[in-house]
Number of protein chains: 2
Amino acid sequence: MQKLKDKIMKEGTVEKGHLIKVDSFLNHQIDTGLMSDIGAEFYRKFKNEKVTKILTIESSGIAIALMTGVVFNVPVVFAKKQKSLNLGDHLYACQVFSYTKQVTYDISVAKDYLKPKDSVLIVDDFLASGNALAGLVDIVEQSQAKVAGVGIVIEKAFQQGGDKIREKGIRLVALASIQAIEDGKILFAR
Amino acid sequence: MQKLKDKIMKEGTVEKGHLIKVDSFLNHQIDTGLMSDIGAEFYRKFKNEKVTKILTIESSGIAIALMTGVVFNVPVVFAKKQKSLNLGDHLYACQVFSYTKQVTYDISVAKDYLKPKDSVLIVDDFLASGNALAGLVDIVEQSQAKVAGVGIVIEKAFQQGGDKIREKGIRLVALASIQAIEDGKILFAR
């Protein structure tokens, strides 16, 4: 998606540990026009998959999931990152280790919101080591729903998360795929 | 907003401590059609305020802010609930006590995303004690931007949060205002 790549080149910065910071338009401030285009693009990519739900994880996946859900006209579900006092005990849950924050946390989805008949499109902002995404796939599998596909805004293709998902036979679409970071510069995959 | 009130009556439940659980359509699963209507309604209420930014707090405010920002065609900023490794040090920050979770946490917004020229519409899902909302107002004031108004999806009008904001001369609109909870039943304000 060229508009997204242009935005990453213009406003994205590379931080310590090959972290890519896109806080100006994706995960602190949100460019609403770009987000609408991202939702429309995921619709184009997955419109034949009979998607019944969009699943993501709080917080930065929510905006992406919402704009995708609006175009598909289906509900969005976001996995919670810790057991909340407001959530009941009937949860699908999974442990996830975050390299960025160096902590292990629980992600969970109430069983009411994923059913065996669902065809679930999973979306998220970043894919790197892929632990959060693997956790979401695990939760969909626990519910016996089908993973319709995975839509990622920015994939760091030099890390292994994407391959692990593709090896499971799941279709994964990344709107911007980063091949390498060299001398602090972002190089996109062809 | 009648459609919202109908949804609350149909799917909302009252938990211990007068907590209202609306996880089926507002803050775990999201009804994308209802959320679009909420964004349009906030636009109708605040369209004359020359809004330049929508501000909310992660996580459950993000969907509301996004759908509002799409209609206003302005960026969304969401305050983060703890200092993240991905955020720089140049932050507006404020401490907030959560009655629901019984913890004090920091909320912060990078200084880059709120400027003195901004006219900021603050939106959130719930307003009860109003601590999170007061923190967001404080952050806007730190930035010397103007608070254009506050849009709340569900106000518990029997708690004091809303009054504290109105006493500051800030216009607050709640799309559903709950007057009381009696015997586990939700009673709306007239």
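Procedures and definitions
- Residues numbered from 1 in each chain as written.
- Chains lettered and ligands numbered in written order.
- Predicted model: local features only at pLDDT ≥ 70, side-chain atom pairs only at ≥ 80, totals over all residues.
- Heavy atoms only, no water.
- Contact = heavy atoms within 4.5 Å.
- Buried area = accessible area lost by both parts, 1.4 Å probe.
- Salt bridge = Lys/Arg side-chain N within 4 Å of Asp/Glu carboxyl O.
- Helix = DSSP H or I, 4+ residues; strand = E, 2+ residues; numbered from the N terminus.
- Least-squares fit on C-alpha atoms with pLDDT ≥ 70 in both.
- Buried < 20%, exposed > 50% of the residue type's maximum accessible area, 1.4 Å probe, protein only.
- Pairing = 2+ DSSP bridges.

Some details on the interface of chain A and chain B
Move 1: Listed by partner, the interface residues are 39 residues for chain A and 39 residues for chain B.
Move 2: Approximately 3,300 Å² of surface area, both sides summed, lies buried where chain A meets chain B, with 60% of it carried by carbon and sulfur atoms.
Move 3: At the surface where chain A touches chain B, the tally comes to zero salt bridges.
Move 4: Put simply, the parts of the chain that give the side of chain A that touches chain B at least two residues each are β2 (19–21), β3 (29–30), α2 (32–46), α3 (62–72), β5 (76–79) and β7 (103–110) of chain A.
Move 5: Here the side of chain A that touches chain B takes six residues from α3(A), the largest share from any one element.

Remarks on the environment of B:L187
Residue and element names in this part refer to chain B.
Move 1: One can find L187 in strand β11 (residues 185–188).
Move 2: Each C-alpha atom of the pair L187 and S177 lies 8.8 Å from the other, and the pair is ten residues apart in sequence.
Move 3: Excluding residues that lie within four positions of it along the chain, L187 makes contacts with I178, Q179, A180 and E182.

A word on the relation of the copies chain A and chain B
Move 1: When chain A is fitted to chain B, the best match, at an RMSD of 0.0 Å, comes from turning it 180° and sliding it 0.0 Å along the axis. Interpreted geometrically, this transformation is the action of a two-fold axis. Residues of chain A ranked by C-alpha distance from the rotation axis are headed by A:S59, positioned 2.6 Å from it.
Move 2: A symmetric contact is evident, with 100% of the interface residues of chain A recurring at the interface of chain B.

A short note on the pairing of strand β4 (residues 53–57) of chain A
Looking along a regular strand, one sees the side chains alternate between the two faces of the sheet.
Residue and element names in this part refer to chain A.
Move 1: For β4, a buried count of five out of five residues is recorded, marking the element as mostly surrounded by other parts of the structure.
Move 2: Because side chains alternate across β4, one face comprises the buried residues K53, L55 and I57, and the other comprises I54 and T56, equally buried.
Move 3: Taken together, the three bridges between β4 and strand β8 (residues 119–127) define a ladder with parallel strand orientation. Of the residues in β8, the one forming a bridge with K53 is V120.
Move 4: For β4 and β5, the ladder comprises four bridges, and the chain directions are parallel.

It is worth stressing that arrangement in space is one thing and function is another; only the former is reported here.
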